Amino acid sequence: MGLSFALGLAAPVFAAGKDVVARVLAEQASYLTAEAIGYEHGEGVPRDQPYAARLYCEAARLGNVQAMYALGWMYANGRGVERDDAHAASLFSMAADRGDEHAARMLRYTGGAEGAARPPACLKTPSSILAERWPVAALVARLPAERQQVAQLLAELAPAYGVLPQFALAIGLTESALNPQALSPKNAMGVMQLIPATAERFNVTRPYDPEQNIRGGLAYLRWLLAYFEGDIALAAAGYNAGEGAVDRYRGVPPYRETQAYVERILRHVGHDHHPFDGSVVAPSPMLRKLRLASQEEHET
């Protein structure tokens, strides 16, 4: 199957915790829109309209109506982007469909049906803007000196396991604050807080050795991402509560700790899907059942 990536406007999460994901993504989109407004008008930051357009586009991709309208206006007027009435019409049409009256009026000037078939390319694929907002080097530099070496090791090892550094660091920070000697009341050990069964499962014989512990945690994350087909919320929930609990509850389990954990990871990463290697493990049967149930619901 190779590496896969879920694309599209705020791709749906087939999980009981989808409301948590939707809320986090909506907050992320609102944040990006506020940032874009500042850069578009030079409010508190240097004016940078091309950068504002990129922020608006990512926020629009996540479903923010204000960002859709603002980016449509930029395309209609050639501000920060090359003028493109078709792109503008597509964005105004999207915003109008969601009840924006200003966008509906703008469609009189840009046209609707024809332009709606030509959305900007950035709406189809996640923007690198998220990685730019979460620069690994800048994060590492802000950590206490005793944690910087561990963070750097985690960020450097993550790509070898097909895990984005920001996701790996989000897990490490949330699990142990990157403390190699951490031990939880449930006997979870080291940087990635491996319980004895997980350590044995991924051949970690020295759980307090930072590199071996991190490799074990990354191997588990790679497995979870493949099992849940790149769904970050489900992978994070599986890491916290076990994949069995996620399957049993058909989504993020209703444990307060796990739901708070998933929300924190989503805030760190800023996205709900991750590339995954489908050759690692067959996907969870629960995903197919949920999709079939969703399909049947739409057909009735």
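Residues numbered from 1 in each chain as written. Predicted model: local features only at pLDDT ≥ 70, side-chain atom pairs only at ≥ 80, totals over all residues. Heavy atoms only, no water.

Before going further, it helps to spend a moment on the overall build of the chain. The helix and strand inventory of the chain stands at 15 helices and two strands. Within the chain, buried positions represent 52% of all 300 residues. Considering only contacts in the chain between residues 6 or more positions apart, those separated by 24 or more positions represent 59%. (Helix = DSSP H or I, 4+ residues; strand = E, 2+ residues; numbered from the N terminus. Buried < 20%, exposed > 50% of the residue type's maximum accessible area, 1.4 Å probe, protein only. Contact = heavy atoms within 4.5 Å.)

For the rest of this paragraph, the subject is the nonpolar core. Counting residues in each nonpolar core, the largest one holds 54 residues, and the members touching the most others are Val163, Phe167, Met192, Leu218, Tyr239 and Ile265. Contributing elements (two or more residues each) for this core: helix H8 (145-157), helix H9 (165-176), helix H11 (210-227), helix H12 (232-241), helix H14 (256-269) and helix H15 (285-299). With 10 residues, the top contributor of residues to this core is H11. Beyond its immediate sequence surroundings of up to four residues, Val163 is in contact with Ala158, Ala168, Leu218, Leu221, Arg222, Leu225 and His274. Ranked by size, the runner-up nonpolar core spans 32 residues in total, among them Ala29, Ala36, Ala67 and Met94. (Core = buried A, V, L, I, M, F, W, Y, C linked by side-chain atoms within 4.5 Å.)

If you walk through the whole model with that rule in mind, you get seven aromatic pairs. Aromatic pair Phe202 and Tyr220: ring centres 5.5 Å apart, planes at 40 degrees, arrangement tilted. Here Tyr220 lies in helix H11 and Phe202 lies in the loop between helix H10 (196-201) and H11, a separation of 18 residues in the sequence. Across the pair, Tyr220 and Phe202 agree in class, each one buried. (Phe/Tyr/Trp six-rings, centres within 6.5 Å; stacked < 30°, edge-to-face > 60°.)

End to end, helix H2 (residues 49-61) covers 18 Å across 13 residues, agreeing with the expected 18 Å (1.5 Å per residue, within 8%). The buried count for H2 comes to 11 of 13 residues, which makes it a mostly enclosed element. Those residues of H2 lying buried are Gln49, Tyr51, Ala52, Ala53, Leu55, Tyr56, Cys57, Glu58, Ala59, Ala60 and Arg61. Sitting at the amino-terminal end of H2 is Asp48, which places a side-chain oxygen 3.1 Å from the backbone nitrogen of Tyr51. (Expected span 1.5 Å × (residues − 1). Polar contact = N/O pair within 3.5 Å; in protein donor to acceptor, adjacent residues only side chain to side chain.)

A word on the pattern of salt bridges. For the coordinates displayed, the defined rule picks out five salt bridges. Residue Arg215 is joined to Glu211 by a salt bridge in which the shortest nitrogen-to-oxygen separation is 3.1 Å. Pair noted here: Arg215 and Glu211 are both in helix H11, with a separation of four residues, about one helical turn. Here Glu263 and Arg267 are joined by a salt bridge, their closest N and O atoms 2.7 Å apart. Within this pair, Glu263 and its partner Arg267 are both found in helix H14, separated by four residues, close to a single helical turn. We classify Glu263 as buried; its relative accessible area is 16%. Classification of Arg267 as partly exposed rests on a relative accessible area of 44%. (Salt bridge = Lys/Arg side-chain N within 4 Å of Asp/Glu carboxyl O.)

Let's shift gears to H12. With eight of its 10 residues buried, H12 lies for the most part within the structure. Residues of H12 that are buried include every one of Ile232, Ala233, Leu234, Ala235, Ala236, Ala237, Gly238 and Tyr239, and no others. The opening residue of H12 is Asp231, an N-cap whose side-chain oxygen sits 3.0 Å from the backbone nitrogen of Ala233. Of the residues trailing H12, Gly242 is marked for its positive phi of about 95 degrees.

This next bit is on unusual backbone geometry. Negative phi characterises most residues that are not glycine, and trans characterises most peptide bonds. Backbone geometry places Leu178, a non-glycine residue, at a positive phi of 65 degrees. Tracing the sequence through the fold places Leu178 in the loop between H9 and H10. In this model, Arg250 sits at a positive phi of 55 degrees, which is unusual for a non-glycine residue. Assignment of secondary structure puts Arg250 in the loop between helix H13 (243-249) and H14. Take Arg250: its relative accessible area is 38%, and that puts it in the partly exposed class.

Function cannot be inferred from these measures alone, as they are strictly geometric.
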